[in-house]
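Coordinate inspection notes
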Amino acid sequence: YGKCDQLSPTFGKRGHDCKNSKLSVSQVNEIRSLLDAYNNRQIASMFSVSRHTISRIRRGMTHY
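Residues numbered from 1 in each chain as written. Predicted model: local features only at pLDDT ≥ 70, side-chain atom pairs only at ≥ 80, totals over all residues. Heavy atoms only, no water.

1. Section: the environment of Ile-43
Inspection of the secondary structure puts Ile-43 in helix α2 (residues 40–47). For Ile-43, the residues in contact, after removing those within four places along its chain, are Ile-31, Leu-34, Leu-35, Tyr-38 and Ile-54. (Helix = DSSP H or I, 4+ residues; strand = E, 2+ residues; numbered from the N terminus. Contact = heavy atoms within 4.5 Å.)

As structure tokens, then:
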């Protein structure tokens, strides 16, 4: 099944609930504490994730 298929085991899961997540809960909390001091590009390079991932954390769209 594809990524959008409802039969997929990761369908509807976001953030650390997904088994393929690169970030742990403690890392996400650390990222949130760094948001005021650094920009998305700098934080993304610190944690080896994309700027888009940091942006989604900043906007509260992922990683509860």
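2. Re helix α1 (residues 25–34)
Turning to α1, its buried residues number three or more, namely Val-28, Ile-31 and Leu-34. Here the buried residues of α1 occupy an arc of 120° about the axis, which is enough to place them on one side. Seen from the buried face of α1, the exposed residues on the opposite side, beyond 90 degrees, are Ser-26 and Ser-33. Packed against the buried residues of α1 are α2 and α3 (51–59). (Buried < 20%, exposed > 50% of the residue type's maximum accessible area, 1.4 Å probe, protein only. Arc of directions from axis to C-beta.)

3. Topic: the packing of α1 against α2
Where α1 contacts α2, the axes come no closer than 11 Å and their chain directions differ by 150°. As far as their axial angle goes, α2 and α1 are roughly antiparallel. With respect to the hand of their crossing, α1 and α2 are arranged in right-handed fashion. Contact residues: Gln-27, Glu-30, Ile-31 and Leu-34 in α1; Ile-43, Met-46 and Phe-47 in α2. Of the residues contributing to the contact of α1 with α2, the split by class is five nonpolar, one polar and one charged. (Axes fitted to C-alpha atoms, helices over the stretch in contact; angles between N-to-C directions. Parallel < 35°, antiparallel > 145°, perpendicular 65-115°, else oblique. Left-handed = near helix turned anticlockwise from the far one by under 90°. Nonpolar A, V, L, I, M, F, W, Y, C, P; charged D, E, K, R; others polar.)

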